[in-house]
Amino acid sequence: MSPADRYYVTTSIAYANNKPGLHTLYEVIGADVIARWHRMNGDETKFLTGTDEHSVNIAQKAEELGIATRDFVDGNVALFRAAEDALLISPDRFIRTTDPDHVRAAQEMVRRAYANGDIYVGKYEGWYCPAEGFKTRSDVVETPQGTRCPNHPKVELEWISESNWFFRLSAYQERLERHFEEHPDFAQPDYRRNEMLGFIRGGLEDFSVSRAGAKWGIPFPIMPDGSSSQRPDGTWDPAAGTIYVWYDALINYVTGAGFPDDPAGFAKWWPADLHIIGKDIARFHTIYWPAMLWSAGMEAPRHVWIHGFLLAQGERMSKSLGNFLDPIDVVATLGADGARYVTLREVAFDRDTDVSWDSFVRRYNADLANDFGNLLNRTISMANRYLDGERPSVGPAAGLAAAWTETLAAYRSKIEACLLSDALCSLWEFVGAANRLVEAEQPWTLAKAVKAGDAEAALRLNNVLGDLVEACRLVSVAAAPFIPNAAPRALGQLGYQYPYEASGRGGPALLEELRWGAHAAESGRLATPEPLFPRLETEAAAASAG
RNA sequence: GGCUGGGUAGCUCAGUGGCAGAGCAAGCGGCUCAUAAUCGCUAGGUCGUUGGUUCAAAUCCAACCCCAGCUACCA
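If you're wondering where the values come from, they're calculated on a predicted model, not measured in any experiment.

In the neighbourhood of RNA strand B, 50 residues make up the surrounding shell, with Asp52, Thr136, Val245, Arg283 and Asn374 lying closest. When atoms of RNA strand B within 4 Å of the protein are sorted by moiety, sugar and phosphate together comprise 70%. With respect to RNA strand B, the side chain of aspartate 52 contributes an N or O atom lying 2.3 Å from a sugar or linking oxygen. In this structure, a sugar or linking oxygen belonging to RNA strand B sits 2.8 Å away from a side-chain N or O atom of asparagine 377. Within the residue set of the surface near RNA strand B, elements represented by two or more residues are α6 (190-201), β11 (207-208), α10 (282-295), α12 (357-387) and α14 (420-441). Its residues placed into classes, the surface near RNA strand B shows 21 nonpolar, 11 polar and 18 charged.

Another point: unusual backbone geometry. The omega torsion of the bond from glutamine 188 to proline 189 falls at 0°, within 30 degrees of zero and hence cis. Position of proline 189 among the secondary structure elements: in the loop between β10 (187-188) and α6. Cis geometry marks the peptide bond from tryptophan 270 to proline 271; its omega dihedral reads 5°. Looking at where proline 271 falls in the secondary structure, it is placed in the loop between α9 (263-269) and β14 (274-278). In the Ramachandran plot, leucine 88 falls in the positive-phi region, its phi being about 60° despite a non-glycine side chain. In this structure, leucine 88 sits in the loop between α3 (69-86) and β4 (93-96).

For the rest of this paragraph, the subject is the domain arrangement of chain A. What the domain assignment reports for chain A is domain 1 (3-324) and domain 2 (349-545). On a C-alpha basis, the centres of domain 1 and domain 2 stand 41 Å from each other. Tallying the contact residues gives 29 residues for domain 1 and 32 residues for domain 2. The junction of domain 1 with domain 2 conceals about 2,600 Å² of combined surface from both sides, 64% of it contributed by carbon and sulfur atoms. The three residues of domain 1 that bury the most area against domain 2 are Trp37, Met40 and Trp305, which together make up 33% of that side's buried surface. For the pair domain 1 and domain 2, the interface holds two salt bridges. The residue aspartate 92 makes a salt bridge to arginine 505 at a minimum N-O spacing of 2.9 Å.

What counts and how
- Residues numbered from 1 in each chain as written.
- Chains lettered and ligands numbered in written order.
- Predicted model: local features only at pLDDT ≥ 70, side-chain atom pairs only at ≥ 80, totals over all residues.
- Heavy atoms only, no water.
- Near = heavy atom within 4 Å.
- Polar contact = N/O pair within 3.5 Å; in protein donor to acceptor, adjacent residues only side chain to side chain.
- Helix = DSSP H or I, 4+ residues; strand = E, 2+ residues; numbered from the N terminus.
- Nonpolar A, V, L, I, M, F, W, Y, C, P; charged D, E, K, R; others polar.
- Domains from an automatic or database assignment.
- Contact = heavy atoms within 4.5 Å.
- Buried area = accessible area lost by both parts, 1.4 Å probe.
- Salt bridge = Lys/Arg side-chain N within 4 Å of Asp/Glu carboxyl O.

Given below as structure tokens:
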């Protein structure tokens, strides 16, 4: 990829019915790392995340609380934004499905599908639980009393039949199958791709794109006779109903690219390079969404990455189960950098992973406090003590330079393959190599020899410490997408200017900066070492977790 | 039920025919620059079960047990 490339990465938009858990923001942290990686590489980058705010359930919950729906979602969005700020998330736009340009985008996408003959009025039928709403086939259970909703077994379900608009997904079966075959990396990881391909091959049914009864939603722009549902005064005829979820939520990705208000921007930013989503919505993103885009004359996104879930003792974390981690608590204990690092290091990006406070604290202590934090600290201390604070020059390689070349290649390829945990694992192997170099060379022994007048030892001491400083610089810059606050502080302690803006923009091309000895010619002075990642006492961390 | 993955050390996982591995956690030792850190060593596994193929099986085959995912309209 050339430095002039543009890169557009998105997350799914979160349902704004509550405050966010770490399991919800997990993919946002991952996407943020990828966005920062591209910004630092010099790609013109757009990172989109946001909230999904329409639905009968949200309107109902606001009503229960006795507040206006808009106020209810505004309050929840503020909680999302606060949690994302705490985690140093750096979206280029935080999109809300209630944003006016998004409303226009969704309506225009519906019009395009209609113009293309892909939506038609049909009959939506399904079970309806008066206590909860529409239930899917797999949501209901057969009991001796009849079909019931498992949450409300005493309530009799109603078989609802309402007239709704449908999207002709069935018309896209062949094209979807071909797309999956011709672009094996469209949906990843592979096992998810195979699941989706299997689903396509099993035959595709049309899906409904409107709801007749719902009021809290984007007005459906077309009347059943094909005329516009917009009235002369600009308001929308409620008889047309509202746009149902997928023609609302998924559209955010094109809205974020500039559709429909900014055709030039849209031409530049679409198709998206990467949608990062959870496995629960894989089908909608890899099957419905490409078909919807094709219907509108647009391209499918280039890649969809499907991640797994965070588990607590084998069970999916969720707000309803109450077994989730509050990102604010995690940041309070581990710091923003620690929370980001630990979450993405502990959780494999391609599958479900069990997490706990204990595993988070162990990982923080092992990797950040002991391995990397202490490497920085001991390196800076020794250079201060033995070289009087003068930053040693990068000398003839003591073996770390070759190791770095391998590390960087592995790190880079894993980040670009969305294997973020594996990427950190590779980088930290290099941290281990640097710590082993300290033991092998014993700078304190060299320093004694220097005091005794050994000139050869002086050179060697300088070279060893020079390599260690360089190793610390490289790891700090390479890890910056994961630890955006700590990286500049580490560089500062090493006596270097951090050349990037807070968002990761504005500096030299990252791969140039990550060349061994890129700043060998510059002199500088080391600062007083100060632990970047203070070690946590396990008991104290457990106590603060409540 | 069908299809697809998986079950390997206390924990998380790598290993797809050739002497059972890594990281973390545990124990012991070294070192002293450092955040009780770091480096080294040790211990710990009938590789889900049973049978088969093979000179040789964690790996291939069969059966079985267990777990997870997908099997269409939730945001």
